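# Coordinate analysis (summary)
Below, each chain spelled out in residue letters.
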Amino acid sequence: MKAISIRTFGSPDGLAVVDLPVPVPAAGQVLIATEAVGVGGVDTVIRSGALADYGFTEGHVPGGEVAGTVTAVGDGVDASWLGLRVWGFTGTGGGYVEQAVAPVEQVLPLPGGLSATAAVTLGSSGAVAHFGLRHARFTSGETVLVRGAAGSIGIMAVQLAARGGAAAVAVTTSSAERGERLRRLGATHVLDRSGDGEDGAPAGYDVIIDVVAGADMPSFLDRLNPNGRMVAVGAVAGQPPADFGTKIMTAFRKSLSFAAFSAATVPPADLSAVRGEQFAAAARGEIEAVVHEVLPLDDAVLAHRKMDAGEVFGRIVLTP
């Protein structure tokens, strides 16, 4: 079968189309003939080599999110899964393929009216946004800032905060055009990447959802209200400075909090429950799956170039 492998770490040109054997689902797994594959920010970080110290090696097949039809099941998996159209999470890799294996507890049937493309746009990002806001203890009436709102996680955080009754939903983004698109999704204030740029924006925020991290992250701690909480749900700009925590200690009397959040800490059953609710809401038109572009699997290099260039609003989806 056709797959995309990281031939060499570094630029997108290190990705290569390869031929691999069709995997056989192990016990507790299903085999999915993929219709759509989501391209995530973590895929680009892994491809760059930045996570090589965490066990990722050249030859790795990126991608963690697929949708398609179950064609085989492993031992212990009910045969009723066969023929179902599903969304599946393959883990930290194994998704850029024509046929993918996923643990059945990380597989979810697709409701009627929801496309495979929409499913891989919402499946991971929606869960991260939902539980990231929960991790921040967000409640109705609070002010929220989403830093790096143009990606799939940020877009979902904007929609969920607005639906959850936020008093204000501010966003940082790179252009006025993106800002207007985010307003249509629920943003009330559009700021530049430094967090400035609009009169009338809240002077401080109860919750900041940060997809970006990087060198500028500490400056956003200054924008938290007393008892404010920042939750990092991504690090597309790299790690923050090692001493960023001194900002919290310097503002000791404000009782600020910082936390990192990974969906890996959420039980699969809880993830599936939230994803099922969001898939159903999207099928009803209550949540929007924002797809930047659909490209053939062979164009994974182009997809990663667009990601690296910051051109993507929403999610790029690959189709085998």
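Now for a look at the structure at hand. None of these values were measured; they are calculated from a predicted model.

Analysis parameters
Residues numbered from 1 in each chain as written. Predicted model: local features only at pLDDT ≥ 70, side-chain atom pairs only at ≥ 80, totals over all residues. Heavy atoms only, no water. Helix = DSSP H or I, 4+ residues; strand = E, 2+ residues; numbered from the N terminus. Rg over C-alpha atoms; globule rule 2.2 N^0.38 Å. Buried < 20%, exposed > 50% of the residue type's maximum accessible area, 1.4 Å probe, protein only. Contact = heavy atoms within 4.5 Å. Areas by Shrake-Rupley, 256 points an atom, 1.4 Å probe, with all protein chains shown as cover. Lys, Arg positive; Asp, Glu negative; His and termini not counted. Charge placed at Lys NZ, Arg CZ, Asp CG, Glu CD. Salt bridge = Lys/Arg side-chain N within 4 Å of Asp/Glu carboxyl O. Core = buried A, V, L, I, M, F, W, Y, C linked by side-chain atoms within 4.5 Å. Pairing = 2+ DSSP bridges. Axes fitted to C-alpha atoms, helices over the stretch in contact; angles between N-to-C directions. 1 Å grid on protein atoms, 1.4 Å probe; cavity = no way out; pocket = protein on both sides within 12 Å on 5 of 7 lines; lining within 4 Å. Points joined across faces, edges and corners; volume = space filled by probe spheres on them. Nonpolar A, V, L, I, M, F, W, Y, C, P; charged D, E, K, R; others polar. Parallel < 35°, antiparallel > 145°, perpendicular 65-115°, else oblique. Left-handed = near helix turned anticlockwise from the far one by under 90°.

## A closer look at the overall build of the chain
- If you tally the helices and strands in the chain, you get eight helices and 15 strands.
- Scaling as 2.2 N^0.38, a compact globule of 320 residues should have a C-alpha radius of gyration of about 20 Å, and the chain matches this with 20 Å.
- Taken over the C-alpha atoms alone, the chain extends approximately 55 × 40 × 35 Å along its principal axes.
- Every one of the 320 residues in the chain was classed for burial, and the buried ones make up 49%.
- Sequence-distant contacts, at least 24 apart, represent 70% of the contacts inside the chain between residues at least 6 apart.
- Of the accessible surface of the chain, which amounts to about 13,300 Å², a share of 53% is contributed by carbon and sulfur atoms.
- Of the charged side chains in the chain, 23 are positive and 32 negative, and the gap between their average positions amounts to 5 Å.

## Observations regarding the pattern of salt bridges
- In the structure shown here, the tally under the stated rule is 16 salt bridges.
- For Arg284, the salt bridge is made with Glu286, and the minimal N-O distance between the two is 2.9 Å.
- Overall, the relative accessible area of 54% leaves Arg284 in the exposed class.
- With relative accessibility at 39%, the residue Glu286 sits in the partly exposed group.

## What to know about the nonpolar core
- Residues Val158, Val171, Leu182, Ile209, Val233, Phe261 and Phe279 are the most contacted members of the largest nonpolar core, which totals 53 residues.
- Taken together, the elements giving at least two residues each to this core come down to α2 (116-135), β8 (143-147), α3 (152-163), β9 (168-172), β11 (205-210) and α7 (268-283).
- Looking at which element gives the most residues to this core, the answer is α2, with 10 residues.
- Setting aside residues up to four positions removed in sequence, Ile209 forms contacts with Gly132, Leu133, Ala136, Leu145, Val146, Arg147, Ala157, Val231 and Val233.

## Concerning the side chain of Thr121
- Here Thr121 shows up in helix α2.
- Apart from residues no more than four positions distant in its own chain, Thr121 is found in contact with Ser152, Ala289, Val290, Val291, Arg315 and Val317.

## What about the sheet that holds strand β13 (residues 257-260)?
- One open sheet holds the six strands; their spatial order is β10-β9-β8-β11-β12-β13, and the pairing between them is parallel. Two strands close off the open sheet at either side, each with one partner strand: β10 (189-191) and β13. The sheet shows a mean angle of 15° between the axes of neighbouring strands, direction not considered.
- As defined by bridge partners, β8 adjoins β9 across five bridges and the pair is classed as parallel. Its bridge partner being in β9, Val144 is matched across the sheet by Val169.

## Here we look at the environment of Val171
- Along the chain, the position of Val171 falls in strand β9.
- Residue classification places Val171 among the buried residues on the basis of a relative accessible area of 0%.
- Along the chain, Val171 and Arg183 lie 12 residues apart, while their C-alpha atoms are 9.1 Å from each other.
- Sequence-distant contacts of Val171, that is, excluding residues within four places in its chain, are made with Leu145, Val146, Ala149, Val158, Leu182, Ala187, His189, Val190 and Leu191.

## A closer look at empty space enclosed by the protein
- Under the definition given, this model contains one cavity of 30 Å³ or more.
- Size it by volume and the largest cavity reaches roughly 30 Å³.
- Lining the largest cavity, in full, are Thr121, Leu122, Ser125, Ser152, Ile155, Met156, Glu288, Ala289, Val290 and Gly314.
- Within the residue set of the lining of the largest cavity, elements represented by two or more residues are α2 and α3.
- Residue composition of the lining of the largest cavity, by class: five nonpolar, four polar and one charged.

## Topic: the packing of α2 against α3
- Relative to each other, α2 and α3 sit at 55°, their axes nearing to 8 Å. With respect to each other, α2 and α3 are oriented oblique. Regarding α2 and α3, the two cross each other, and that crossing is right-handed. Here Thr121, Leu122, Ser125, Gly126, Val128, Ala129, His130 and Leu133 of α2 lie close against α3, whose contacting residues are Ser152, Ile153, Met156, Ala157, Leu160 and Ala161.
- Of the residues contributing to the contact of α2 with α3, the split by class is nine nonpolar, five polar and no charged.

## Describing the pairing of β11
- Counting buried positions along β11 gives six out of six residues, so the element sits mostly inside the fold.
- Where β8 and β11 come together, four bridges link them in parallel fashion. The residue bridging Val146 from the neighbouring strand is Ile209, located in β11.
- With five bridges connecting them, β11 and strand β12 (residues 224-232) associate as parallel partners. Across the sheet, residue Asp210 finds its bridge partner in β12, namely Ala232.

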